[in-house]
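The lines below spell out each chain.
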Amino acid sequence: MPNLLIVRNSYPDLESVQRLLNYVLRTSFYGGYAIDPEYAFDQMRLVKEAYHKTEGVQLKHFLLTFSHEEMMHLDFKDLLELGFQVGKVLERYQIVYCIHLDSDYIHMHFVMNTVSFEDGKKYSDGLVGFQRVKDFLEKRFPKWNTQLIFREVYAPPHYKKM
């Protein structure tokens, strides 16, 4: 079953945003909602600066993981479309989504700006927003009888400042 993993890390500054974007965008399979992934760092920074919201938590990071069996029913085009649809669920925020093949399972990273491009409000939905993502995904995968798992994980060392 797919797992929705929420990464618990504060990403307190623009340097941490740049580091994470560099990490997740090291693939050929990526897309964006309300953002061009090629210019994601600059576009996220500009939204933050335009609304004078450069302090505090800079982004939210979550992953969607799939088993090999589930991947038999999806191709990369499906996954990129799924990434865009997840962006629509969190509609007011810029989101970069990337497919990674660098582990035993295929997974997608989602990096979301915490400042709304529409009104400058900081993301304050907490786990409720991720519950909306979970609900959407469960509707998207009903034939698999999917129950997504919420687990908070701490960022591995390569996400953090060395």
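Bear in mind the structure is a predicted one, so any value in this text is a computation, not a measurement.

J.: Help me out: how do you make sense of the overall build of the protein in this one?
T.: Counting its regular elements, the protein contains five helices and six strands. Looking at the protein as a whole, 45% of its 162 residues are labelled buried. Taking the intrachain contacts of the protein between residues at least 6 apart in sequence as the baseline, contacts between residues at least 24 apart amount to 77%. Looking at the protein as shown, the accessible area adds up to about 8,400 Å², and 53% of this sits on carbon and sulfur atoms.

J.: Can you walk me through the packing of aromatic side chains in this structure?
T.: Going through the model one piece at a time under the given rule, you end up with seven aromatic pairs. Ring geometry for F62 versus F130: centroids 5.1 Å apart, planes at 70°, classification edge-to-face. With F62 in strand β3 (residues 59–66) and F130 in helix α5 (residues 127–140), this pair connects stretches of sequence that are 68 residues apart. Members of the aromatic cluster, each reached through a chain of ring pairs, are F62, Y93, Y97, F110, Y123 and F130.

J.: Looking at this structure, I do not really get the nonpolar core. What am I missing?
T.: One broad rule of soluble globular proteins: the nonpolar side chains tend to lie buried together. In this structure, F62, F66, L79, M108 and F110 are the most contacted members of the largest nonpolar core, which totals 26 residues. Sorting the residues of this core by element identifies β1 (3–8), β3, α4 (76–89), β4 (95–100), β5 (106–113) and α5 as the ones contributing at least two each. Excluding residues that lie within four positions of it along the chain, F110 makes contacts with K60, H61, F62, L64, G83, V86, I95, V96 and Y97. Grouped together as the second largest cluster of nonpolar side chains are 17 residues, L20, L21, A40 and M44 included.

J.: How do you make sense of unusual backbone geometry when you look at a structure like this?
T.: Across the chain, the bulk of peptide bonds are trans and the bulk of non-glycine residues have phi less than zero. A positive phi angle, close to 60°, is found at A34, a residue other than glycine. Positionally, A34 belongs in the loop between β2 (30–33) and α2 (40–50). Take A34: its relative accessible area is 38%, and that puts it in the partly exposed class. A positive phi is found at H52, a non-glycine position, where the angle reads about 55°. Tracing the backbone shows H52 in the loop between α2 and β3. Among the residues examined, H52 registers a relative accessible area of 71% and is labelled exposed.

J.: Got a minute to help me understand the environment of S16 in this structure?
T.: Tracing the backbone through its elements, the reader meets S16 in helix α1 (residues 14–24). Judged by relative accessible area, S16 falls into the buried class, the value being 4%. Put simply, S16 and L59 are 43 residues apart on the chain and 9.2 Å apart in space, counted from C-alpha to C-alpha. There is a polar contact of 2.6 Å between the side chain of S16 and the backbone oxygen of D13.

J.: Looking at this structure, how should I read α1?
T.: Owing to its 3.6 residues per turn, the α-helix aligns residues three or four sequence positions apart on the same side. Considered for burial, the residues of α1 that qualify are S16, V17, L20, L21, Y23 and V24. Here the buried residues of α1 occupy an arc of 160° about the axis, which is enough to place them on one side.

J.: So what exactly am I meant to see when it comes to the pairing of β1 here?
T.: Successive side chains on a regular strand alternate, one facing one side of the sheet and the next facing the other. In terms of burial, β1 is a largely internal element, five of the six residues being buried. Pairing between β1 and β3: five bridges, direction antiparallel. Bridging from a neighbouring strand, L4 pairs with L64 of β3.

J.: What is the right way to look at the packing of α1 against α2 in this model?
T.: Each packed pair of helices is defined by two parameters, the angle between the axes and the distance between the axes. One way to put it is that α1 packs onto α2 with a least axis distance of 10 Å and a crossing angle of 150°. As summarised for this structure, α1 and α2 are arranged roughly antiparallel, according to the angle between their axes. As α1 runs across α2, the sense of the crossing is right-handed. On the side of α1, the interface is formed by L14, V17, Q18 and L21, while α2 contributes A40, F41, M44, R45 and K48. Residue composition of the contact of α1 with α2, by class: six nonpolar, one polar and two charged.

What counts and how
Residues numbered from 1 in each chain as written. Predicted model: local features only at pLDDT ≥ 70, side-chain atom pairs only at ≥ 80, totals over all residues. Heavy atoms only, no water. Helix = DSSP H or I, 4+ residues; strand = E, 2+ residues; numbered from the N terminus. Buried < 20%, exposed > 50% of the residue type's maximum accessible area, 1.4 Å probe, protein only. Contact = heavy atoms within 4.5 Å. Areas by Shrake-Rupley, 256 points an atom, 1.4 Å probe, with all protein chains shown as cover. Phe/Tyr/Trp six-rings, centres within 6.5 Å; stacked < 30°, edge-to-face > 60°. Core = buried A, V, L, I, M, F, W, Y, C linked by side-chain atoms within 4.5 Å. Polar contact = N/O pair within 3.5 Å; in protein donor to acceptor, adjacent residues only side chain to side chain. Arc of directions from axis to C-beta. Pairing = 2+ DSSP bridges. Axes fitted to C-alpha atoms, helices over the stretch in contact; angles between N-to-C directions. Parallel < 35°, antiparallel > 145°, perpendicular 65-115°, else oblique. Left-handed = near helix turned anticlockwise from the far one by under 90°. Nonpolar A, V, L, I, M, F, W, Y, C, P; charged D, E, K, R; others polar.

Keep in mind these values describe shape, not function.
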